[in-house]
Amino acid sequence: MLRRLLNHLPRPSLHLSLSRSRHTRDPSLALRVFLHASDFHSPSPYPHTPLTTHSILSKLSRARAFHLLEPLLVRLKLSRPAAPLSEASFVDVIRAYGLAGRPDSALGVFSDMKDGFGLGPTVRSFNALLHVMVQNRRFRLARDLFFDSKEKFGVAPNVVTCNVLISALCENDELGSAEKVIDKMPEWGLAPDVVTYTTLVCGYCGRGDLEKAREVFEEMVRQGWVPDETAYTVMIDGYCRHGRVLDAVRFMDRMESDDGILPNEVTYGVVIEAYCREGKPGEALSLMEEMLSGKYVPDAPLCFKVIDLLCRVGRVDEACELWGKLLKKNCVPDNAITSTLVYWLCKAGKVWEARKIFKEFEKGFVPSSLTYSALISGLCECGELQEAGSLWDEMVEKGWAPSTFTYNALMKAFVKSGSVGDGIRLFEEMLEKGCMPDWSTIATLVDGIYGSGKEDEVDRVVKMAVSSSKAVLLSEACWGVFVSKAIHDTDRSRIEIEKCWTDLSEDFLT
């Protein structure tokens, strides 16, 4: 009885089977289901609908499975009666080819709509094709297609079509031609909209012609359009990129006062980055706090720029306070921000606070080599060698190899504390581990060796450096330190320099 009742329940459609089944994550399996229904459905072939055909074409397009998609299109084209297809299916295929960087294939499918499938294209599929051409920087072809649209394809462009063409012309720095298209639009029965003008404004900003960009912006207002947040942000970004931050801020104020449009996270980010580039931490901090009060959460790279700038000008406490506010707003911490705070806190002598931030970060995230190195370097700066050594061991245990920066920091600390021998042994380990020294490594050791009573070690350090990296040793900075130290000891200078040059000569000859 139960089986008979279940048999009378409505079965899921093939469209649902293709689009929702967990098995159809594999596009080839979805295609097999589709073809099986066509070939073996009893008592007669499954009557595919535009919906089922669209479902399989859309799935294959999203998966970029062109090796399956193209034979299927051929089969559908040759099938009799003709397979039921919708324009939406072709739009999906055209967009997929565009994303895959195959504009010629997209054009082929568009042409096949009418010639192969008897389906006349509309402005929707034509706009998709035009967008693909712009996306793949086929600007000339996009322009040719636009002007042939009516005669060749029977498609009358709409405002979106014009906007795509204007975008292509602006991308190709043909701003004069873009303006001519705007001038022609009323003759075609079309009115330029906010997107039209914003695209042209963006083009002039990209060229650096801010006066012309402003002129186009004001023309948009005169035509009765209210600029949206994107239009304002494009103009603000143009000012910021060309060092006119004051004009950008004035425009931002106008955005709120004249049109009642609040800045979004992109608008804030553009101006904050400009303040950071100009080295204005107070203004950047103030605007970021305004951004937070507006319920926007900045992304990690923007947070890093503000925090890094604050730290570099000695405002580490304000950087930490800002970071606390950002965490409360669910800003995701990252290694770059943590490393910056840790390093500058240590440099300011606030080792406990740096360690606390590091430990908090460690609870939910895996510190990178950079983050470990920042704390190790900071601890070394403060003379906390034992703590730095413990952290070094922890870093190595977790699979991070010390970098040249990390070795240099610990080496410098050893030398500074008078443990020149430990510094040299660390240098030997560095070379054994395959970590290449830089000029700072050699300079640190040479600087420490002279005056320590171990001047004989210079020759050994130089030999090790030569065997690892001739380019570093021969750098002007490295030899500047070496020679400046050597000449202070006139009795030894000639002997040491001759030894070094002899070693170098022998090494190059071999």
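Residues numbered from 1 in each chain as written. Predicted model: local features only at pLDDT ≥ 70, side-chain atom pairs only at ≥ 80, totals over all residues. Heavy atoms only, no water.

## Overview of the layout of surface pockets
No. 1: The calculated volume of the largest pocket comes to roughly 330 Å³.
No. 2: As for the largest pocket, its lining consists of 15 residues, of which Trp323, Leu327, Lys356, Ile357 and Glu360 are closest to the centre.
No. 3: A per-class count over the lining of the largest pocket returns eight nonpolar, two polar and five charged. (1 Å grid on protein atoms, 1.4 Å probe; cavity = no way out; pocket = protein on both sides within 12 Å on 5 of 7 lines; lining within 4 Å. Points joined across faces, edges and corners; volume = space filled by probe spheres on them. Nonpolar A, V, L, I, M, F, W, Y, C, P; charged D, E, K, R; others polar.)

## Quick notes on the pattern of salt bridges
No. 1: Under the criterion given, the structure shown has 29 salt bridges.
No. 2: We note a salt bridge from Glu362 to Lys359, for which the minimum N-O separation is 3.6 Å. Here Glu362 and its partner Lys359 are both found in helix α21 (residues 351-364), three residues apart, which amounts to about one turn of the helix.
No. 3: Take Glu362: its relative accessible area is 18%, and that puts it in the buried class. (Salt bridge = Lys/Arg side-chain N within 4 Å of Asp/Glu carboxyl O. Helix = DSSP H or I, 4+ residues; strand = E, 2+ residues; numbered from the N terminus. Buried < 20%, exposed > 50% of the residue type's maximum accessible area, 1.4 Å probe, protein only.)

## Looking at the packing of aromatic side chains
No. 1: Under the counting rule described, the total for this entry stands at 16 aromatic pairs.
No. 2: Ring plane angle 85° and centroid distance 5.1 Å describe the contact between Phe146 and Phe147, whose orientation is recorded as edge-to-face.
No. 3: Using a relative accessible area of 3% as the deciding quantity, one classes Phe146 as buried.
No. 4: For Phe147, a relative accessible area of 51% gives the class exposed.
No. 5: Note on Tyr343 and Trp344: the rings are 5.4 Å apart at their centroids and 85° apart in plane angle, and the pair reads as edge-to-face.
No. 6: Cluster of aromatic residues (ring-pair linked, three or more members): Phe217, Tyr232, Tyr239 and Phe251. (Phe/Tyr/Trp six-rings, centres within 6.5 Å; stacked < 30°, edge-to-face > 60°.)

## Section: the UniProt feature "repeat: PPR" (unreviewed entry) in the chain
No. 1: When the UniProt feature table is mapped to this numbering, "repeat: PPR" (unreviewed entry) covers residues 122-157, 158-192, 193-227, 228-262, 264-298, 299-333, 368-402 and 403-437.
No. 2: As annotated, residues 122-157 has a helix share of 78% and a strand share of 0%, and its two end C-alpha atoms lie 9 Å apart.
No. 3: From the first C-alpha to the last, residues 403-437 spans 9 Å; its make-up is 74% helix and 0% strand. (UniProt positions renumbered as here; feature names shortened; annotations may be inferred.)

## Examining the nonpolar core
No. 1: Counting residues in hydrophobic clusters, the biggest one holds 147 residues, and the most contacted among them are Ile236, Ile272, Ile307, Leu322 and Phe427.
No. 2: At eight residues, the largest contribution of residues to this core is made by helix α10 (residues 159-171).
No. 3: Excluding anything up to four places from it in sequence, Phe427 contacts Met411, Pro437, Thr441, Ile442, Leu445, Val461, Met464 and Ala465. (Core = buried A, V, L, I, M, F, W, Y, C linked by side-chain atoms within 4.5 Å. Contact = heavy atoms within 4.5 Å.)

## A look at the packing of helix α17 (residues 281-293) against helix α18 (residues 300-312)
No. 1: Across the interface, α17 lies against α18 with an axial gap of 9 Å and an inter-helix angle of 140°. With respect to each other, α17 and α18 are oriented oblique. In the crossing of α17 with α18, the sense of the turn from one axis to the other is left-handed. Contacts between α17 and α18 involve Pro281, Ala284, Leu285, Met288 and Met291 on the former and, on the latter, Leu302, Cys303, Val306, Leu309 and Leu310. (Axes fitted to C-alpha atoms, helices over the stretch in contact; angles between N-to-C directions. Parallel < 35°, antiparallel > 145°, perpendicular 65-115°, else oblique. Left-handed = near helix turned anticlockwise from the far one by under 90°.)

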